[in-house]
Amino acid sequence: MTRPPLHHELFLIGHDQSGKPLVHQHSMALGLAGAVLLDLALSGRVTVGQGRITVADPTPVGDVVVDSLVPLMARDRAEGEARFWIKKLAEDAYDRTRQSLVTAGVLVMVTRRRMGMLPYTRYQLADIASVVRASAGVRSAVEGWKQPDGRGAALCGLVGALRLEAELYLDQPSARLVERLREIAGEHSPVVREVVQLIDDMLGEAAVAVFR
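Since the model is a prediction, treat every value here as computed from it, not as a measurement.

Please explain the sheet that holds strand E2 (residues 52-55) as it appears in this structure.
Within a sheet, adjacent strands bond to each other through the backbone by hydrogen bonds, running parallel or antiparallel. The three strands lie next to each other as E1-E2-E3, forming an open sheet whose pairing is antiparallel. Each end of this open sheet is capped by a strand with a single partner; those strands are strand E1 (46-49) and strand E3 (80-81). Judged from the two bridges that link them, E2 and E3 form a sheet pairing that is antiparallel. Paired with Arg52 across the two strands is Glu81, which belongs to E3.

Explain unusual backbone geometry here, please?
The phi torsion of most residues other than glycine is negative, and most of the peptide bonds are trans. At Gln50, a residue that is not glycine, the phi angle is positive and equals roughly 55°. On the secondary structure map, Gln50 appears in the loop between E1 and E2. By relative accessible area, Gln50 is classed as exposed at 78%. Of note, the phi angle at Tyr169 is positive, near 55°, even though the residue is not glycine.

Can you walk me through the side chain of Arg45 in this structure?
Mapped onto the elements, Arg45 comes out in the loop between helix H2 (25-42) and E1. In contact with Arg45, not counting residues within four places along its chain, are Leu40, Thr54, Val55, Ala56, Asp57, Pro58, Thr59, Pro60, Val61, Val66, Asp67 and Val70.

It is not clear to me how empty space enclosed by the protein should be interpreted in this structure. Could you clarify?
Here the idea is plain: a probe the size of a water molecule rolls over the atoms and shows the empty space left. Counted under the stated rule, the structure contains one cavity of 30 Å³ or more. Of the volumes computed, that of the largest cavity is approximately 40 Å³. Taken together, Phe11, Leu12, His15, Asp16, Gly19, Leu107, Tyr123 and Leu125 make up the full set of residues lining the largest cavity. Of all elements in the fold, only helix H1 (6-13) and strand E5 (118-125) reach the threshold of two or more residues within the lining of the largest cavity. Counted by class, the lining of the largest cavity contains five nonpolar, two polar and one charged residues.

Can you help me understand the pairing of E1 in this one?
Regular strands place side chains that alternate from one sheet face to the opposite one. Going residue by residue along E1, you find Val46 and Val48 tucked away on one face and Thr47 and Gly49 left uncovered on the opposite face. When E1 meets E2, the two strands line up antiparallel, connected through four bridges. Residue pairing in the sheet places Thr47 in a bridge with Thr54 of E2. Linking two consecutive strands that pair antiparallel, namely E1 and E2, is a turn of two residues; a positive phi of about 55° is found at Gln50 within it.

What counts as what
- Residues numbered from 1 in each chain as written.
- Predicted model: local features only at pLDDT ≥ 70, side-chain atom pairs only at ≥ 80, totals over all residues.
- Heavy atoms only, no water.
- Pairing = 2+ DSSP bridges.
- Helix = DSSP H or I, 4+ residues; strand = E, 2+ residues; numbered from the N terminus.
- Buried < 20%, exposed > 50% of the residue type's maximum accessible area, 1.4 Å probe, protein only.
- Contact = heavy atoms within 4.5 Å.
- 1 Å grid on protein atoms, 1.4 Å probe; cavity = no way out; pocket = protein on both sides within 12 Å on 5 of 7 lines; lining within 4 Å.
- Points joined across faces, edges and corners; volume = space filled by probe spheres on them.
- Nonpolar A, V, L, I, M, F, W, Y, C, P; charged D, E, K, R; others polar.

Shown next, in the form of structure tokens:
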């Protein structure tokens, strides 16, 4: 079975079965942007180092989120700043990821009414197995069942950065679990460590900005 894109897996972990987001949408958008960048870097399509991005292979891969970003990066004459492109991608990463999951049949759009009057829309899981598969690699990495590959380590780091550790349903203190998720990301490779740390920093800055 072909593994879904990293941003799909992160989106699924970040929502409950009814489609309710478990973190603020802006935070999730930053995490999704980081997931896209990590997928690109780990597949060799871009290089990331010292906060800069360079496109190595602009060939489309059939993912609407990824394929909308790479041509823009490729037209950037100089090596692009990672922070800039993460913010740029985060502008619509949430909506585009959700729509691609609907198109794939993983999510189903459901419209209901509050108190029988006000309509609202949720995007529910078509099958809970999809989120179980998404989180299985993270759980196995934390518990030491299986050595994670680059994408697994990246997902661990992003889950920790977004504080989604409770969705792993592991019997460990929250602080220790987040620490372990960050350790896994940091131990794998410089690019995973750098991008996850950058997302963590940007999430912290966004949280502080709310209170200014």
